[in-house]
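Spelled out from the first residue to the last, the chains are:
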Amino acid sequence: MTAVPAVGADALHKALKIHFGFSAFRPGQLEIISDAMAGRDVLAVMPTGGGKSLCFQLPALLQPGLTLVVSPLIALMQDQVRLLRANGIDAGLLNSAQTAAEAAECFRAIEAQRLKLLYVAPERLLMAGFLARLSEMAAISQVVIDEAHCVSDWGHDFRPEYRRLASVREQLPEVPILGFTATATPTVRDDIVNQLQLRDPARHVASFDRPNLYWSVEAKDRGSYERLLVRAKKGGSGIVYCLSRKRVDDIAARLQADGISALPYHAGLNGERRSLNQSEFIRDAAQVMVATVAFGMGINKPDVRWVVHFDLPRSLEAYYQEGGRAGRDGEPGDCVLFFSAGDLRTAEQLIRTRVDAETGEPLEALQATARAQLQTVVHYAESPDCRRVLQLAYFGETFSAPCGNCDNCLNPPALDDVTLAARQLLSTVARLAQRGQAFGAGHVIDILRGETTDKVIAQGHEQLSVFGIGSALAPPRWRALIRRLLADGALAQSAGVYPVLQITADAKPLLKGERAVTLPQVARSSQTARSGRRAAAGPVDDPLFQALRQLRLRLARENDVPPYVVFTDVTLHALAERRPLTLQAFADIPGVGERKLEQWGAIFVDAIRDFHDS
Ligand code: ADP
Ligand code: ZN
């Protein structure tokens with residue numbers, strides 16, 4: 001699919017260093033850029049942190065004329081424009097929140113042919129006559145639709161104004177259109193191509209693996225908060241996700257009381273407070289954001305070092321998105337899920353209460369979907385398999401374990417052989433089915449354990465030959481086993497308010513004793529879960545790194561930008577390690593392009609020299 005690049009790979013590498021300070025492309029970037037340079041339509045799918053922006057920013061710089069970038073959120077646009085300007089690239093912004101004077105200034109820059117990239121909100125772009133007027137002022141080289149999944153109502157973030165972007169093709173028939181998204185499902189991808197009327201687009205789908213992220217699951221118990229605190233004290237920006245506003249407020253307050261600069265974020269806070277807290281976090285004035293899932297969509301902070309899920313996410317895909325906010329800069333990121341069976345029951349309860357707002361009827365289809373999604377993340381949490389294999393399988397990718405950077409690979413859990421118990425369980429469900437009956441997990445477990453409950457007596461189930469054969473196993477283990485068999489497909493669960501267990505054809509090999517079943521031994525303590533962790537690669541305790549961080553913070557405040565706009569952690573780590581004492585050596589550091597060399601080189605080299613001398 002790769003078109004002949006209009007500019008050679010050497011020239012592209014050179015431009016990458018001069019404008020952005022990087023010496024190598026990330027996977028997929030060069031191919032996408034080559035297609036963009038060749039004037040093709042593009043659909044690019046890359047995970048968060050994959051480096052999408054560069055794929056259209058570099059071609060924008062190297063082509064004559066102006067690149068339009070459509071983005072759904074003002075905060076994202078502002079962030080990108082700030083980052084571009086810090087690299088000496090002329091970028092502008094038009095949105096409904098700015099003053100007439102700001103807009104006029106932007107138009108002047110366009111008319112003077114100074115601007116290379118113009119970020120516009122969709123409704124602005126679609127205003128009558130806007131594109132015609134723009135085309136008279138400057139040649140438009142390409143139109144980029146960022147977060148392109150917003151065009152699809154199959155996706156998780158449909159925006160009606162995005163749907164109207166189809167008219168861009170009619171208004172600018174000659175101009176290539178490039179769509180970018182981190183949404184991996186094939187349906188959404190196809191929908192983007194159709195909705196945006198892409199013409200024979202070059203499709204690029206990068207792997208969703210994020211090698212720099214360490215994934216782990218820890219038992220959620222009384223010690224969980226303490227473990228969170230230990231993590232926070234180690235430093236680095238972090239996000240704690242919680243299910244309820246109340247929990248957010250509680251944990252934020254506890255962290256504050258324990259000396260951590262943490263702020264809450266949820267829909268119960270007013271808009272002003274929310275954006276204030278968000279900007280404190282982005283500017284490194286607050287270290288930790290404790291939030292509901294309302295937080296994260298509009299933030300681009302590249303140096304989030306850890307994400308802890310204090311409560312159960314609603315699906316594996318949501319978990320991957322939320323945890324994936326760690327380590328966008330490619331430096332190590334730590335993603336932890338606290339899991340307990342109790343949380344699962346709470347989540348199931350919530351699903352059960354989901355009713356139609358008008359009729360009060362249970363929304364069966366919705367409940368079934370929610371339950372299936374919940375199962376994906378429960379399976380992830382309870383599985384002894386490589387976390388990456390589990391995640392990537394969900395996105396249709398195969399990956400071979402061990403990955404070397406997840407808890408299960410670094411520290412394989414001890415397994416209990418529960419084959420016999422699995423057979424007892426399946427026989428019980430089968431026995432009930434022979435009688436034309438089906439029951440939920442609780443009742444089946446009562447039969448296995450020989451509990452003479454009212455319901456057992458009323459049904460005469462104490463007469464069954466399987467009654468009491470499984471008294472050795474505690475109810476939580478039985479529940480864990482049932483979840484495992486549901487995940488494996490040997491059991492199925494009916495939809496509806498009170499789901500019942502059903503046996504499937506896949507149970508046969510198990511019943512015949514041809515297959516074994518194992519469960520990780522009872523929830524590993526945090527101690528063992530932690531012992532295998534790869535040490536953070538960054539020398540966080542290095543005094544030079546700390547000194548450089550301080551310098552960065554001061555420069556960022558003076559210039560009224562987030563610290564990562566000055567330099568990201570990647571650059572600071574390289575500086576602390578290589579300690580360049582000349583501007584020439586400084587120029588070789590990743591993240592140092594021409595503009596940043598000129599603006600910050602001397603200050604940082606001086607700081608390193610002072611450190612050396614002292
Ligand atoms: P996405 O939009 O795909 O989530 P971004 O475009 O925000 O990702 O890029 C994530 C981070 O990776 C940014 O800090 C960016 O500067 C950095 N980055 C992008 N391309 C490269 C590269 N080729 N080499 C090093 N860092 C890169
Ligand atoms: Zn692994």
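These figures come from a predicted structure and were not determined experimentally.

Mean pLDDT over the protein chain stands at 91; residues scoring 70 or higher make up 95%. Every residue in residues 1-5 is under pLDDT 50, and counting partners more than four places away or in other chains gives nine contacts. The low-confidence segment residues 525-538, where pLDDT is below 50, has 24 contacts with residues more than four positions distant or belonging to other chains.

Glancing now at the coordination of the zinc ion (ligand 2). Distances from the zinc ion (ligand 2) to its protein donors, namely C386 (SG), C403 (SG), C406 (SG) and C409 (SG), fall within the range 2.3 to 2.4 Å. Note that the zinc ion (ligand 2) binds four donor atoms; their angles at the metal cover 100 to 119°, and the shape is tetrahedral. Considered as a linear motif, the donors of the zinc ion (ligand 2) on their single chain read C-x16-C-x2-C-x2-C.

Okay, the pattern of salt bridges next. Pairing is possible between side chains that carry opposite charge, provided their charged atoms lie close to one another. Using the criterion set out here, one finds 32 salt bridges in the structure. Between R40 and D200 there is a salt bridge, with the nearest N and O atoms lying 3.7 Å from each other. Taken together, the residues R40 in the loop between α2 (29-37) and β1 (42-45) and D200 in the loop between α10 (186-195) and β7 (202-205) connect sequence positions 160 residues apart. Take D200: its relative accessible area is 58%, and that puts it in the exposed class. Its salt-bridge partner being E218, residue R231 comes within 3.2 Å of it at the nearest N-O pair. Of the two residues, R231 sits in helix α11 (residues 224-233) while E218 sits in strand β8 (residues 213-219), which places them 13 residues apart along the sequence.

Surveying the vicinity of ligand 1 reveals 15 residues, the closest of which are A24, G49, K52, S53 and R328. Contact distances for ligand 1 include 3.1 Å between an oxygen atom and a backbone N or O atom of G51. Within the side chain of K52, a nitrogen or oxygen atom sits 2.9 Å from an oxygen atom of ligand 1. Its residues placed into classes, the shell around ligand 1 shows five nonpolar, seven polar and three charged.

Right, let's get into the layout of surface pockets. Roughly 1,100 Å³ of volume is contained in the second largest pocket. Counting only elements with at least two residues in the lining of the second largest pocket, the list comes to β8, α15 (341-352), α16 (364-382), α20 (441-449), α22 (475-488) and β17 (518-520). The greatest single-element share of the lining of the second largest pocket, amounting to nine residues, is contributed by α22. Grouping the amino acids of the lining of the second largest pocket by side-chain chemistry returns 22 nonpolar, 10 polar and 13 charged. Composition of the lining of the second largest pocket by domain shows at least three residues from each of domain 2 (213-412) and domain 3 (416-520).

Right, let's talk about the sheet that holds β7 for a bit. Taken in spatial order, the seven strands make up an open sheet running β3-β4-β2-β5-β6-β1-β7, and their pairing is parallel. The outermost strands of the open sheet, each flanked by one partner alone, are β3 (91-94) and β7. If you compare each strand with its neighbour and ignore which way they point, the axes differ by 15° on average. Taken together, the four bridges between β3 and strand β4 (residues 117-120) define a ladder with parallel strand orientation. By the bridge assignment for β4, G92 is matched with L118. Along the sheet, helix α5 (residues 100-111) makes contact with β2 (66-70), β3 and β4, crossing β3 at roughly 135°.

Cut-off values and rules
- Residues numbered from 1 in each chain as written.
- Chains lettered and ligands numbered in written order.
- Predicted model: local features only at pLDDT ≥ 70, side-chain atom pairs only at ≥ 80, totals over all residues.
- Heavy atoms only, no water.
- pLDDT = per-residue confidence, 0-100.
- Contact = heavy atoms within 4.5 Å.
- Donors = N, O, S within 2.8 Å, 3.2 Å for Na, K, Ca; no water.
- Tetrahedral: all angles 85-135°; square planar, octahedral: opposite > 155°, others 65-115°.
- Salt bridge = Lys/Arg side-chain N within 4 Å of Asp/Glu carboxyl O.
- Helix = DSSP H or I, 4+ residues; strand = E, 2+ residues; numbered from the N terminus.
- Buried < 20%, exposed > 50% of the residue type's maximum accessible area, 1.4 Å probe, protein only.
- Near = heavy atom within 4 Å.
- Polar contact = N/O pair within 3.5 Å; in protein donor to acceptor, adjacent residues only side chain to side chain.
- Nonpolar A, V, L, I, M, F, W, Y, C, P; charged D, E, K, R; others polar.
- 1 Å grid on protein atoms, 1.4 Å probe; cavity = no way out; pocket = protein on both sides within 12 Å on 5 of 7 lines; lining within 4 Å.
- Points joined across faces, edges and corners; volume = space filled by probe spheres on them.
- Domains from an automatic or database assignment.
- Pairing = 2+ DSSP bridges.
- Axes fitted to C-alpha atoms, helices over the stretch in contact; angles between N-to-C directions.

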